[in-house]
Amino acid sequence: MSLRSQLLKGILEGCILAIINQQTVYGYELSVKLQQFGLTDVSEGSIYPILLRLQKEKLIEGTLKESPSGPKRKYYHLTKEGQEALKEFIIQWDSVKIPVDNILEKGGN
């Protein structure tokens, strides 16, 4: 497993919560949005297990809706617990990101 894959594994859940917080999305749409943000190596196959886990943890809920083409799609939205989890992720991310950025920018001097 590459270093990038290992890093992504730890933060993908927070990224998914953040996207779902912005708008309700279905699985494939979520995959496309992650790719649009530059996470091109995140496969659909890795997203669905996370969505299932987030549902089990009651951080997101899925609602089946008609699709303009094909079968119904499950659209996901954050629960109140999911909104709290996203806030906590942002706090934890900043507590790691800021010092790492500082080290990378100033550590070599």
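Above this text you will find the structure in question.
Notes on the structure follow. (Residues numbered from 1 in each chain as written. Predicted model: local features only at pLDDT ≥ 70, side-chain atom pairs only at ≥ 80, totals over all residues. Heavy atoms only, no water.)

What follows deals with the sheet that holds strand 1 (residues 25-26). Reading across the sheet, the 3 strands line up as 1-3-2 and stay open at both edges, with antiparallel pairing between neighbours. The two strands at the open ends of the sheet, each matched to only one other strand, are strand 1 and strand 2 (60-65). As judged from the 2 bridges shared by strand 1 and strand 3 (residues 73-78), these two strands associate in the antiparallel manner. Residue pairing across strands places Tyr 26 opposite Tyr 75, the latter belonging to strand 3. (Pairing = 2+ DSSP bridges. Helix = DSSP H or I, 4+ residues; strand = E, 2+ residues; numbered from the N terminus.)

Remark: the centre distance and the inter-plane angle together describe each pair of aromatic rings, the angle taken between the planes. Counted according to the given criterion, the structure contains 2 aromatic pairs. Seen from their ring centres, Tyr 26 and Tyr 75 are 5.3 Å apart, and the 75° between their planes marks the pair as edge-to-face. You can see Tyr 26 sitting in strand 1 and its partner Tyr 75 sitting in strand 3, a full 49 residues away along the chain. In this structure, Tyr 26 and Tyr 75 share a single accessibility class: buried. Considering the side-chain rings of Phe 89 and Trp 93, the 6.4 Å spacing of their centres and the 10° angle between planes classify their relative orientation as stacked. (Phe/Tyr/Trp six-rings, centres within 6.5 Å; stacked < 30°, edge-to-face > 60°. Buried < 20%, exposed > 50% of the residue type's maximum accessible area, 1.4 Å probe, protein only.)

Summarising the element assignment, Lys 33 is placed in helix 2 (residues 27-36). Buried charge without a salt bridge: Lys 33, with Glu 29 as the nearest opposite-charge side chain at an N-O distance of 4.8 Å. A polar contact of 3.3 Å, which involves the side chain of Lys 33, links it to the side chain of Gln 23. Excluding anything up to four places from it in sequence, Lys 33 contacts Ile 19, Gln 23 and Val 25. (Lys, Arg positive; Asp, Glu negative; His and termini not counted. Salt bridge = Lys/Arg side-chain N within 4 Å of Asp/Glu carboxyl O. Polar contact = N/O pair within 3.5 Å; in protein donor to acceptor, adjacent residues only side chain to side chain. Contact = heavy atoms within 4.5 Å.)

Pairing of strand 2 with strand 3 involves 6 bridges; the strand directions are antiparallel. Directly across from Leu 64, in strand 3, lies its bridge partner Lys 74.

None of this, on its own, says anything about what the molecule does.
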